[in-house]
Amino acid sequence: MSIEAYFLVGPTASGKSDVAHLLARRMSLPILSIDSMQVYRGLDIGTAKPTPEVRRGITYYGIDIVPPSQDFSVAEFHEYVLGAICGVSSEIIVCGGTGLYSKVLAEGMDNGPEPDEELRMEWENAVAEGRIGLLKQELKAASPDAF
């Protein structure tokens, strides 16, 4: 099943959510939030998460998915969207400012390598121990353009 999505994307505080709510009510469509902070339960202040009163009468996806203590990757967001929305709605309003979430929905996932937890721990230890110079050297050697 394909989904027709209307994307409202742009910078913070540009009025995206207000327009999305207006359209959702007029068109009787659900909204998918593509804000990487609104996925966390309890992070209501500072994320501009629409209140329950504002969301009343609108089916909302992408909000309050996981606790703040849990990591939530773009791949997990993509899986969530496929599981939660596909087969439920043929049209949806996509609203938010997280460009990577928008890109993944429009273009699909890039099947890159799996995270290397051992390497991540090594780098976190280097930061904690004040060995930033070592990390800079490794980055410069691995990717001079990114450095």
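Report on the accompanying structure. Bear in mind the structure is a predicted one, so any value in this text is a computation, not a measurement.

1. Structural notes on the side chain of T47
At step 1: Locating T47 in the fold gives a position in the loop between β2 (31–33) and α2 (52–55).
At step 2: For T47, a relative accessible area of 10% translates into the label buried.
At step 3: Ignoring any residue separated from it by four or fewer positions in sequence, one finds T47 in contact with D35, M37 and Q38.

2. Details of helix α3 (residues 74–84)
At step 1: Among all positions in α3, only V74, F77, H78 and V81 are buried. Looking straight down α3, one finds its buried side chains confined to an arc of 100 degrees; they lie on one side. Facing away from the buried surface of α3 by more than 90 degrees, the exposed residues are E79 and G83.
At step 2: Packing partners of the buried residues in α3 comprise β2 and α4 (99–107).

3. What about the sheet that holds strand β3 (residues 60–61)?
At step 1: The strand order across the open sheet formed by four strands is β1-β4-β2-β3, and the pairing between neighbours is parallel. Because the sheet does not close on itself, it has two edges, and the strands there are β1 (4–9) and β3.
At step 2: Strand direction decides the pairing type here: β1 and strand β4 (residues 91–96), joined by six bridges, are parallel. Among the inter-strand pairings, A5 is bridged to a residue of β4, identified as I92.
At step 3: Along the sheet face, helix α1 (residues 16–27) touches β1, β2, β3 and β4 and points at about 165 degrees away from the line of β4.

4. A few points about the packing of helix α5 (residues 117–128) against helix α6 (residues 132–142)
At step 1: Between α5 and α6, the least distance of the axes is 7 Å, while the angle of their chain directions is 135 degrees. Relative to α6, the element α5 is oriented oblique. Facing α5, whose interface residues are E122, W123, A126 and V127, α6 presents I132, L135 and E138.
At step 2: Tallied by class, residues from the contact of α5 with α6 come to five nonpolar, no polar and two charged.

Criteria and thresholds
- Residues numbered from 1 in each chain as written.
- Predicted model: local features only at pLDDT ≥ 70, side-chain atom pairs only at ≥ 80, totals over all residues.
- Heavy atoms only, no water.
- Helix = DSSP H or I, 4+ residues; strand = E, 2+ residues; numbered from the N terminus.
- Buried < 20%, exposed > 50% of the residue type's maximum accessible area, 1.4 Å probe, protein only.
- Contact = heavy atoms within 4.5 Å.
- Arc of directions from axis to C-beta.
- Pairing = 2+ DSSP bridges.
- Axes fitted to C-alpha atoms, helices over the stretch in contact; angles between N-to-C directions.
- Parallel < 35°, antiparallel > 145°, perpendicular 65-115°, else oblique.
- Nonpolar A, V, L, I, M, F, W, Y, C, P; charged D, E, K, R; others polar.

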